[in-house]
Structure formats: C-alpha cells, structure tokens
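Single-letter residue listing:
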Amino acid sequence: MTAPAHRPHAAAPEVGIGWRHPHYAALLEQQPALDFLEVHSENFFAPGGAALAVLCEGRAQHPVSLHGVGLSLGSARGIDTAHLNQLARLVQAIDPVRVSDHASFASGAVVHAADLLPVPMSRAALDAMCANVQHVQDRLRRPIAVENLSAYVQWRGAEMDEPEFLNTLARRSGCGLLVDVNNIFVNALNGQLRGEHDDPMDACKRWLDAIAPDHVAEIHLAGHRHCGDIVIDDHGSRVDERVWALYRHAIGRFGAAPTLIEWDTDVPELAVLLDEAAHAREAAAQVLTPATDTQAVAA
C-alpha cells in the first residue's frame, strides 16, 4: 500500500453521528448539517433490498463512513474471504470516506465469539494483525482505520503496551488509527476497579500522549454504564464530562481529527445526537481557536 492512512486534518474537525435504524427516516427528511454519517458495515451486506436503498439515499446527502465489527483483524486464521468480499462490494457501491474495524478477534480455530475479544499484546499477535490488515487493504484498494478496544478480559505476559502495539501496526501496515476515547476511559475505570492505578484520567492522558498523531484518522465518542463492579461500553447515554475533557486533550494532541458520536442502545431522538455533535464542535473549538488566534497575532 502506498496511499497515506488519512489526509491532513482541517482547521476544525468534521463531526458525524452513527446513523441507526430509528433515525433513517428523520435524517433523510431533516437533512441536518452533519459532515458525515457512520454505519455498521455488516448491516448492509445483503445485495439490494431496502437497507441498501436507504444507505444510498443517505450517501446522496452526506459522506458515509463504514465501521465494521466482523473482520476479526486479530485472528490467527486470517481474514474470512466471504466477509471481505461482501465488504468490498459495499465499499465499491458507497465509496465511503473511511473504512474501519477493531483491533480484536472474534473467531479462532475452535470458537466463534459473539463479542469483540482483545488480542495479546505480543509480537506474534502483531505480526498476524499486520498481515490481516494488509490483506484487507489490498482487497479494498485503500487504507483502513483500526480502533482500540474496550476490553473486559486481559492476556497475561504482554510484550508491549497497547499504544506501542497500535503505533507499530499503523507504521508497518500503513493503516490509520480510530481512537475511541470512551473505550480508553472505560478500560481505565476498570483498571482502577482492579487496583491497577488510582487515577483513570491520568492513565488515559498517558495513553493518548503515547499515540503518534500522524496515525490518527478518526475519533469516537460515546456513553458508558458503571455497574458497580465493572464499567460497560454500552453506547447508551450522553458522553461523560470526563470523556469530553479527554476529547479536548486528544484534539490538542492530534489536531482536528474527524469525530463521531456513537449511540447504539436506548437510542434517543435524533435531536439528542445532533446536540452531542454540536458539543463536539464546541469542545474542539475550545482547544483549536486559541491556537489560531495566537498564530494570527504572531503573523
């Protein structure tokens, strides 16, 4: 692959929302001022039909980003050919602004899990994921973005931390990174519950500071649920104020990366997602505007 992972970021972030079934009609009717929509790729794999027709209508109004959950990029068995072929057909039909999936696996030699499972932070796992990502990019003829995971189990014997793993993946394969700020915070809260550290905000900032800015292709924001003994990344509420603070930290480090509001459970009215998108623009402006003013004065 010779194409760059992503274009240089603009002065202000493009902001989009996850387009889910409850909002299909409302969004097409209202045509809100959004920079892009993001959909789950696998929901539109069927050839023809109503779902794909709706997506094409949305694509006529807004750029579309395809976000997958089924490539199993960390699988030692490699990429499922049928799944990849269906994704390739969808990419050709929609011409998305981005294609992304997760740094995880869901299938192995003896199991197919109904969840996104973390990969070991090992050199062998890194080699396997680099090969899989390269295979996907060769088939799609474009770079993809790979998202960090909210992980509720951990492998023993890590040979590197997650930022080093992801940075190396991006450098070796040419992919971009999709930085999910809520996932980072959920993992830090669960780490605090396990007694691994006392300050989840500090842990998150150190994670963000370890990621190479040039690799970042997109940022995700979402809500989570604290269940007492575990925190779940359920995408079922507004973005937590501490996640907004981490988002501002991320924008300060990465620049105006395209930003998505995710909401997948207890989906509210479309107006609530649009309000969260406006909040993202405001939060980014709080970081980026002073820098612009300073540059103008210096000029």
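The structure presented is a predicted model; accordingly, all values stated were derived computationally and were not measured.

Visitor: Please set out the overall build of the chain residue by residue, giving values where relevant.
Guide: Looking only at helices and strands, the chain has 9 helices and 12 strands in total. For 299 residues, the compact-globule estimate of 2.2 N^0.38 gives 19 Å, and the C-alpha radius of gyration of the chain, at 19 Å, lies within 12% of that figure. In terms of its C-alpha atoms, the chain occupies a principal-axis envelope of roughly 55 × 50 × 45 Å. Expressed as a percentage of its 299 residues, the buried residues of the chain come to 52%. Expressed as a percentage of contacts within the chain between residues at least 6 apart in sequence, the contacts between residues at least 24 apart total 79%. As displayed, the chain has an accessible area near 13700 Å², and 52% of this comes from carbon and sulfur atoms.

Visitor: Describe in detail the pairing of strand 2 (residues 36-40), supporting the description with residues and values.
Guide: Most of strand 2 sits out of view: 5 of its 5 residues are buried. Side chains F36, E38 and H40 project from strand 2 onto one buried face, and the interleaved L37 and V39 project onto a second face that is buried too. Relative to strand 2, strand 1 (residues 15-18) runs parallel, the two sharing 3 bridges. Residue pairing for strand 2: G16 is matched across the bridge by F36.

Visitor: Give me the pattern of salt bridges: which residues, what numbers.
Guide: What the rule picks out here adds up to 12 salt bridges. Of the charged contacts, one joins R20 and D264 as a salt bridge, the two residues approaching to 2.4 Å between their closest N and O atoms. You can see R20 sitting in the loop between strand 1 and helix 1 (24-30) and its partner D264 sitting in the loop between strand 12 (259-261) and helix 9 (270-298), a full 244 residues away along the chain. Judged by relative accessible area, D264 falls into the partly exposed class, the value being 27%. Measuring nitrogen to oxygen at the nearest pair gives 2.9 Å for the salt bridge that ties D275 to R238. Remark: R238 occurs in the loop between strand 11 (231-232) and helix 8 (241-254) and D275 occurs in helix 9; sequence separation between them is 37 residues. Judged by its relative accessible area of 40%, D275 is partly exposed.

Visitor: Quick one: what's the story with the side chain of E218, residue by residue and with numbers?
Guide: Secondary-structure assignment places E218 in strand 9 (residues 216-221). Here the side chain of E218 touches H220 through a polar contact of 3.1 Å, side chain to side chain. Those residues within four positions of E218 in sequence are excluded, and the remaining contacts are F36, E38, S65, R98, L177, L178, V179, P258 and L260.

Visitor: Lay out helix 6 (residues 181-193) in plain terms, naming residues and giving numbers.
Guide: Here helix 6 spans 19 Å end to end across 13 residues, near enough to the 18 Å set by a 1.5 Å rise per residue. Counting buried positions along helix 6 gives 11 out of 13 residues, so the element sits mostly inside the fold. The backbone nitrogen of N182 has a side-chain oxygen 3.1 Å away, supplied by the residue at the start of helix 6, namely D180.

About the criteria used
Numbering of residues begins from 1 in every chain and follows the order in which that chain's sequence is written. Local features in this predicted model are restricted to residues whose pLDDT is 70 or higher, and side-chain atom pairs enter the listing and the counts only when it is 80 or higher, whereas totals over whole chains, interfaces and linings include all residues. Note: side-chain values were computed over all heavy atoms of the structure, leaving out hydrogens and water. A run of H or I in DSSP counts as a helix once it spans at least four residues, and a run of E counts as a strand once it spans at least two, with each numbered from the N terminus. Note that the radius of gyration is over C-alpha atoms, with the globule rule given as 2.2 Å times the number of residues to the power 0.38. Residue exposure (1.4 Å probe, protein chains only): buried if accessible area is under 20% of the type maximum, exposed if over 50%, otherwise partly exposed. Residues count as neighbours in contact if any of their non-hydrogen atoms are within 4.5 Å of one another. Using a 1.4 Å probe, accessible areas were evaluated by the Shrake-Rupley method; residue-level cover was limited to the displayed protein chains. Paired strands, in this sense, are two strands between which DSSP finds at least two bridges. In what follows, salt bridge is the name for a side-chain nitrogen of Lys or Arg lying within 4 Å of a carboxyl oxygen of Asp or Glu. Polar contact is defined as a pair of N or O atoms within 3.5 Å, subject to the rule that within protein one atom must be able to donate a hydrogen and the other to accept it, and that residues adjacent in sequence are counted only when both atoms are side-chain atoms. Helix span, expected: 1.5 Å multiplied by one less than the number of residues in the helix.

Shape is all these values report; function is a separate question.
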